[in-house]
Amino acid sequence: MLTDPIGDMLIKIKNALMVKHKSVTIPASKIKLEIARILKQEGYIEDFKYIEEKPQAKIEIILKYDENKQPVIAGVRRVSKPGRRIYKGYKDLSKVMNGLGIAIISTSQGIMTDYEARKRKIGGEVICEIW
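Residues numbered from 1 in each chain as written. Predicted model: local features only at pLDDT ≥ 70, side-chain atom pairs only at ≥ 80, totals over all residues. Heavy atoms only, no water.

Residue P55 follows K54 across a cis peptide bond; omega there is 0°. Mapped onto the secondary structure, P55 falls in the loop between β2 (45–51) and β3 (58–63). In this structure, K20 takes a positive phi of about 60° despite not being glycine. At M97, a position not held by glycine, the phi torsion is positive, near 50°. With a relative accessible area of 45%, M97 lands in the partly exposed category. (Helix = DSSP H or I, 4+ residues; strand = E, 2+ residues; numbered from the N terminus. Buried < 20%, exposed > 50% of the residue type's maximum accessible area, 1.4 Å probe, protein only.)

Another aspect to go through is the pairing of strand β6 (residues 102–107). Within β6, five of the six residues are buried, which leaves it mostly tucked inside the rest of the structure. Linking β6 to strand β7 (residues 110–113), which pair antiparallel, is a turn of two residues. (Pairing = 2+ DSSP bridges.)

This next bit is on the pattern of salt bridges. When the charged atoms of two side chains with opposite charge come close together, those side chains can pair. Applying the stated rule across the entire model yields nine salt bridges. Notably, a salt bridge pairs D47 with K40, separated by 3.1 Å at the nearest N-O pair. Looking at K40, the relative accessible area reads 38%, which means it is partly exposed. Among the salt bridges present, the one from E53 reaches K58, with a minimum N-O distance of 3.8 Å. (Salt bridge = Lys/Arg side-chain N within 4 Å of Asp/Glu carboxyl O.)

What follows is the structure in structure tokens.
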């Protein structure tokens, strides 16, 4: 039984990158689709595909590597966990790795990066950090 589906998604991506897989498939949900959209938008993954399947849909994430075949994602950290939720106002959102990484925030206006949340002046739950 999965108790932290987002944490599971992040670890699957990290493990697939470590063994140089081209893609990784994870069970789909709305929040995972939004996280995948942000990762693509920010250039951390090549692309993602939504695969409609029974009994549960899946997301295939195509991983991205640089010209030296090193993963673009150097690290991931799950901040807010099911047992301990972390909420921050927009003024308290610090830059990840001095601006080299992103934090993904769940706000009242949807899921977005820390930069976008600061720009819109809204806080929320800090889901994870990626660098």
